[in-house]
Amino acid sequence: MAGLVLGLAGLAATRLGQLWIAFDVFSNFTLQFAVVAVAFFIGLLMPRGRLMTASVLLVAGLTALGVWPHLASQSATASVAAPGPGERALQVASFNTLWVNDDAEAVRAEVARIDADVIVLIEMGPSKRSIPGALRERYPHQADCYELAYCNFVVLSKLPIVESEAMGQWEGPPFIRVKLGEEAGGLTVFGVHTTRFPHSQAQFRQVAAIAARIEATPGRKLVMGDFNATPFSRLLSGLESRATLTRLTHLPSWPSYLGLPQLAIDHIFVSPGIRALGQSRIGEPSGSDHYPVMMPIAVPLTP
């Protein structure tokens, strides 16, 4: 009974973020609270072995959540549509490589395996800064913001970058912005990394600030990164509405421990006019606590 109460109370708490942003953290665990509630409800119906039944169902449910992104990623590769007239297909990806991850070779190999047209790398600590140079032949167009505090992004692109900017310390989250050339329809790409709980109010202010900056940027936009928030959160819905974006990702990408990610906190958003050509998928963590997220999109080549 206590487990059922916990699950139901947790589900109720997921909506409290609408009243006070500090409570929005509970929304990130909506699926987990649902698993707890269902497991203990079924256990309560059993004539005997109630706790054992609930415990087995709880473990099975959380395991299923972790297996889901792997299975979804396998099926996603078989269903990629072709771009339409006047569109260019782009494979795009975002990967929080983890600041303290020293396995640069594993990260380099995973970036090469993903083989995206444009990829944003986050938390590129000193031990991984040889990776862009090692991939220069594959990715001749690159931008980074190492010189700025708290701005540890790298953008690798197969297509020309015509301008770039980055900010590490401002009212919004650290970000990097690059604009691609006419080969990609002048697409603007943002790489973003927000703060996380327990700094919920600061995170909310960061999202509001970056949303305003994205909305004020002309042209079509692709926004990728680690938002430390799931699709159930007020934070992500606020970003979508304020910046006129559509979120294309939903698969759990964190944590990579035990190979069973539970929370979808790494995301890809697009502005109107850009469409998905397939489903999102995850890659291999390569020493990080995040899985990379990736997907194919179609970008119009005309304004």
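None of these values were measured; they are calculated from a predicted model.

Cut-off values and rules
- Residues numbered from 1 in each chain as written.
- Predicted model: local features only at pLDDT ≥ 70, side-chain atom pairs only at ≥ 80, totals over all residues.
- Heavy atoms only, no water.
- Pairing = 2+ DSSP bridges.
- Helix = DSSP H or I, 4+ residues; strand = E, 2+ residues; numbered from the N terminus.
- Contact = heavy atoms within 4.5 Å.
- Axes fitted to C-alpha atoms, helices over the stretch in contact; angles between N-to-C directions.
- Expected span 1.5 Å × (residues − 1).
- Buried < 20%, exposed > 50% of the residue type's maximum accessible area, 1.4 Å probe, protein only.
- Salt bridge = Lys/Arg side-chain N within 4 Å of Asp/Glu carboxyl O.
- Right-handed = clockwise from strand over helix to strand, strands pointing away.

### Here we look at the sheet that holds strand E9 (residues 246–247)
Moving on, step 1. Taken in spatial order, the six strands of this open sheet run E5-E6-E7-E8-E10-E9, and their pairing is mixed. Both outer strands of the open sheet, strand E5 (161–167) and E9, are each paired with one neighbouring strand and no more.
Moving on, step 2. With five bridges joining them, strand E8 (residues 221–226) and strand E10 (residues 266–270) adopt antiparallel strand pairing. Looking at E10, one finds that Val 223 is bridged to Phe 269.
Moving on, step 3. Relative to E8, helix H6 (residues 200–216) is tilted by about 160°, and along the sheet it contacts E5, strand E6 (175–180), strand E7 (188–193) and E8.
Moving on, step 4. Those strands touched by helix H7 (residues 234–243) are E9 and E10, and its axis lies near 20° from that of E10.

### Points about helix H2 (residues 30–45)
Moving on, step 1. Helix length check: H2, at 16 residues, gives a terminal C-alpha distance of 23 Å against a target of 22 Å (1.5 Å per residue), a fit within 8%.
Moving on, step 2. Where H2 is concerned, the buried positions are Thr 30, Gln 32, Phe 33, Val 35, Val 36, Ala 37, Ala 39, Phe 40 and Gly 43.

### Observations regarding the pattern of salt bridges
Moving on, step 1. Taken as a whole and assessed by the stated rule, the structure comprises nine salt bridges.
Moving on, step 2. For Glu 163, the salt bridge goes to Arg 177, with nearest N and O atoms at 3.1 Å. With Glu 163 in strand E5 and Arg 177 in strand E6, this residue pair connects regions lying 14 residues apart in the sequence.
Moving on, step 3. Where Arg 177 meets Glu 165, a salt bridge forms, and the shortest distance between an N and an O atom there is 2.9 Å.

### Here's the deal with the pairing of E6
Moving on, step 1. Burial analysis of E6 places five of its six residues in the buried class, which makes it a mostly covered element.
Moving on, step 2. Two elements, E6 and E7, share five bridges in a ladder whose sense is antiparallel. The partner of Val 178 across the bridge, within E7, is Val 189.

### Notes on the pairing of E7
Where a strand is regular, its side chains alternate between the two sheet faces.
Moving on, step 1. Of all six residues in E7, six are buried, a share of seventy percent or more.
Moving on, step 2. Neither face of E7 is exposed, since Thr 188, Phe 190 and Val 192 on one face and Val 189, Gly 191 and His 193 on the opposite face are all buried.
Moving on, step 3. When E7 meets E8, the two strands line up parallel, connected through six bridges. Paired with Phe 190 across the two strands is Val 223, which belongs to E8.
Moving on, step 4. A crossover connection joins E7 to the parallel E8 through H6; in handedness this β-α-β unit is right-handed.

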